[in-house]
Number of protein chains: 2
Amino acid sequence: MKIEIKNCSQCGSSKIDFAIPPGDNKKRYICRSCNFIHYQNPNIVAGCILEWEGKILLCKRAIEPRLNYWTLPAGFLENEEPLEFGAARESKEEANAYSNDLRIFSIYSLIHISQIYIMYYGTLKDGKHSPGLEESFETKLYAQEEIPWDELAFPIITENLKLFFDKEKTDKPHTGTVDKVGDEYKIIRS
Amino acid sequence: MKIEIKNCSQCGSSKIDFAIPPGDNKKRYICRSCNFIHYQNPNIVAGCILEWEGKILLCKRAIEPRLNYWTLPAGFLENEEPLEFGAARESKEEANAYSNDLRIFSIYSLIHISQIYIMYYGTLKDGKHSPGLEESFETKLYAQEEIPWDELAFPIITENLKLFFDKEKTDKPHTGTVDKVGDEYKIIRS
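Source: prediction; values computed, not measured. (Residues numbered from 1 in each chain as written. Chains lettered and ligands numbered in written order. Predicted model: local features only at pLDDT ≥ 70, side-chain atom pairs only at ≥ 80, totals over all residues.)

A.B. asks: Could you clarify how one ought to interpret the overall build of chain A in this entry?
C.D. replies: The secondary structure content of chain A amounts to two helices and twelve strands. C-alpha atoms of chain A, sized along the principal axes, occupy 60 × 35 × 30 Å. At a minimum sequence separation of 6, the contacts of chain A that also span at least 24 residues come to 61%. (Helix = DSSP H or I, 4+ residues; strand = E, 2+ residues; numbered from the N terminus. Contact = placed C-beta atoms within 7 Å.)

A.B. asks: Would you explain unusual backbone geometry in this entry?
C.D. replies: Glycine aside, residues mostly have negative phi, and peptide bonds are mostly found in the trans state. Here the residue pair E64(A) and P65(A) is connected by a cis peptide bond, since its omega of -5° sits within 30 degrees of zero. Relative to the helices and strands, P65(A) is located in the loop between β5 (55–61) and β6 (70–71). At E80(A), a position not held by glycine, the phi torsion is positive, near 65°. Relative to the assigned elements, E80(A) resides in the loop between β7 (74–76) and α1 (83–95). Within the chain, D126(B) stands out as a residue other than glycine whose phi angle is a positive 60°. Looking at the secondary structure, you find D126(B) in the loop between β9 (115–123) and β10 (136–142). With 9 C-beta atoms packed within 10 Å, D126(B) lands in the exposed category. (Buried ≥ 20, exposed ≤ 12 C-beta atoms within 10 Å, placed from the backbone.)

A.B. asks: I would appreciate a short explanation of the nonpolar core in the present structure.
C.D. replies: Most often, soluble globular proteins keep nonpolar side chains buried together rather than apart. Judged by nonpolar contacts, the single largest core of 82 residues is most densely connected at I49(A), I118(A), M119(A), I49(B), I118(B) and M119(B). Residues contacting I118(B), with those up to four places away along its chain left out, are I44(B), A46(B), L83(B), I104(B) and I107(B). (Core = buried A, V, L, I, M, F, W, Y, C linked by C-beta atoms within 7 Å.)

A.B. asks: Sorry if this is basic, but what is going on with the interface of chain A and chain B here?
C.D. replies: Interfaces are often sized by the amount of accessible area the parts lose when they come together. Taken together, the 38 residues of chain A in the interface contact 38 residues of chain B. Broken down by secondary-structure element, the contributors of at least two residues to the side of chain A that touches chain B are β4 (43–52), α1, β8 (103–110) and β11 (174–181) of chain A. Sorting elements by how many residues they give to the side of chain A that touches chain B places β8(A) first, with three residues. When the residues that make up the side of chain A that touches chain B are grouped by side-chain class, the tally is 13 nonpolar, 16 polar and nine charged. (Nonpolar A, V, L, I, M, F, W, Y, C, P; charged D, E, K, R; others polar.)

A.B. asks: Explanation requested: the sheet that holds strand β3 (residues 37–38) of chain A in the structure shown.
C.D. replies: Strand pairs in the sheet, formed through backbone hydrogen bonds, run parallel or antiparallel to each other. Ordered by their spatial adjacency, three strands build an open sheet running β1-β2-β3 (chain A), and the pairing between neighbours is antiparallel. Among the strands making up the open sheet, the edge pair consists of β1 (16–19) and β3 of chain A. (Pairing = 2+ DSSP bridges.)

A.B. asks: Would you explain the domain arrangement of chain A in this entry?
C.D. replies: Domain boundaries assigned for chain A yield domain 1 (1–41) and domain 2 (43–189). When each unit is reduced to the centre of its C-alpha atoms, the spacing between domain 1 of chain A and domain 2 of chain A is 34 Å. (Domains from an automatic or database assignment.)

A.B. asks: It is not clear to me how the relation of the copies chain A and chain B should be interpreted in this structure. Could you clarify?
C.D. replies: Two chain copies, one operation linking them: a rotation about an axis together with a shift along it. After a rotation of 180° and a shift along the axis of 0.0 Å, chain A superposes on chain B with an RMSD of 0.0 Å. The transformation relating the two chain copies, once decomposed into turn and shift, fits a two-fold axis. A symmetric contact is evident, with 100% of the interface residues of chain A recurring at the interface of chain B. (Least-squares fit on C-alpha atoms with pLDDT ≥ 70 in both.)

A.B. asks: Looking at this structure, how should I read the environment of Y117(A)?
C.D. replies: All names here are of chain A. Mapping Y117 onto the fold places it in strand β9 (residues 115–123). Judged by local crowding, Y117 falls into the buried class, with 23 C-beta atoms found within 10 Å. Here the alpha-carbon distance between Y117 and T175, two residues 58 residues apart in the chain, equals 9.8 Å. With residues near it in sequence (within four places) discarded, Y117 still touches V45, Y108, L110 and I156.

A.B. asks: Got a minute to help me understand the sheet that holds strand β1 (residues 16–19) of chain B in this structure?
C.D. replies: Residues and elements named next belong to chain B. Spatially, the three strands line up as an open sheet ordered β1-β2-β3, and their pairing is antiparallel. Each end of this open sheet is capped by a strand with a single partner; those strands are β1 and β3 (37–38). As judged from the four bridges shared by β1 and strand β2 (residues 28–31), these two strands associate in the antiparallel manner. Directly across from A19, in β2, lies its bridge partner R28.

A.B. asks: Could you clarify how one ought to interpret the confidence of the model for chain A in this entry?
C.D. replies: Low-pLDDT stretches of the model should not have their predicted coordinates read in fine detail. On average, residues of chain A score 96 in pLDDT, and 99% of them are at 70 or above. Prediction confidence for the complex, expressed as pTM and ipTM, is 0.96 and 0.94 respectively. (pLDDT = per-residue confidence, 0-100.)

A.B. asks: Help me out: how do you make sense of the environment of A62(A) in this one?
C.D. replies: Note on placement: A62(A) falls in the loop between β5 and β6. Counting along the chain gives 33 residues from A62(A) to Y29(A), while the straight-line C-alpha distance between them is 35 Å.

A.B. asks: Even after reading the chapter, I still don't get the environment of Y39(A), so can you show me in this structure?
C.D. replies: Residues and elements named next belong to chain A. Here Y39 lies in the loop between β3 and β4. Residue classification places Y39 among the partly exposed positions, given that 17 C-beta atoms sit within 10 Å. In sequence terms Y39 and K6 are 33 residues apart; their C-alpha atoms lie 14 Å from each other.

Structural data, given as structure tokens:
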């Protein structure tokens, strides 16, 4: 999360400096009235690759950003929520989809937007899915040759689908980074 | 991160409600003057289990919380920082320690404090280490039978050391949850 802090969330003062606190080595938003430091750190996105009879579940986004583009069910992890629970919740919210055998598939750092993107893989329970209220216009199972590569919502979704179809399945999660340099996305597998 | 928001970070208004925004299902701090929503989400802690000749590197904390207790090098991931880089940075900051072969060892959700704790495992480069400025009083390599189990800083550190010494090494990261119920920590391996 990166948001400009204009007023102190604690005392309300507008005397906010963006400076390195004592003993630290990174700039933070510091209140000069009450000394409160507004830390900002990366967010976690958790989601699922759900498979049914060789096909993968995608959702057509009914919300911005990337309205109308296809995505894997995924979203921000909430406070007090276990990681796997967050991934499962997103599958339920976006696609009314469930899985009983989720395991970690990939962990990527999205540097330009300060997100850690953790995807699980599992079997879609009973092959059932439908668009989640408010979140998706449509849900659909796609075989590899049917994936709408030009209509995917985000580079990290493309990367996960490529990893899924290209790579040997192992217990070791796929890892890497995504960054945006100018208008270009730079993806490095590690 | 869970912090009470008393004033809007954008417009400075003190008219803050803790309520569910339209289209959401979770309470957030909402500014009633400018409608800004102050989202709060889990933080990521990244760290390392560094091994040298069968011994594990621990650091004696020179900072609160848990001053004087022993810990694995770990700390909050920063914005725009790749996960593995954060783990390596913490090892450098706390123990002047490096590794060339870091791989993911465990991923735990610390529910009661909304942290996702991701530990890497690697060989301590050249067996070298020393207390990091301001962060550690002492660094030391411990064999399994020497680990100061009663002087470890956090339950998640104990859990990682137990996993390391007890469990078979696989490519699959260890996963689980830690929660605090009353005064008791409840650890569940998944």
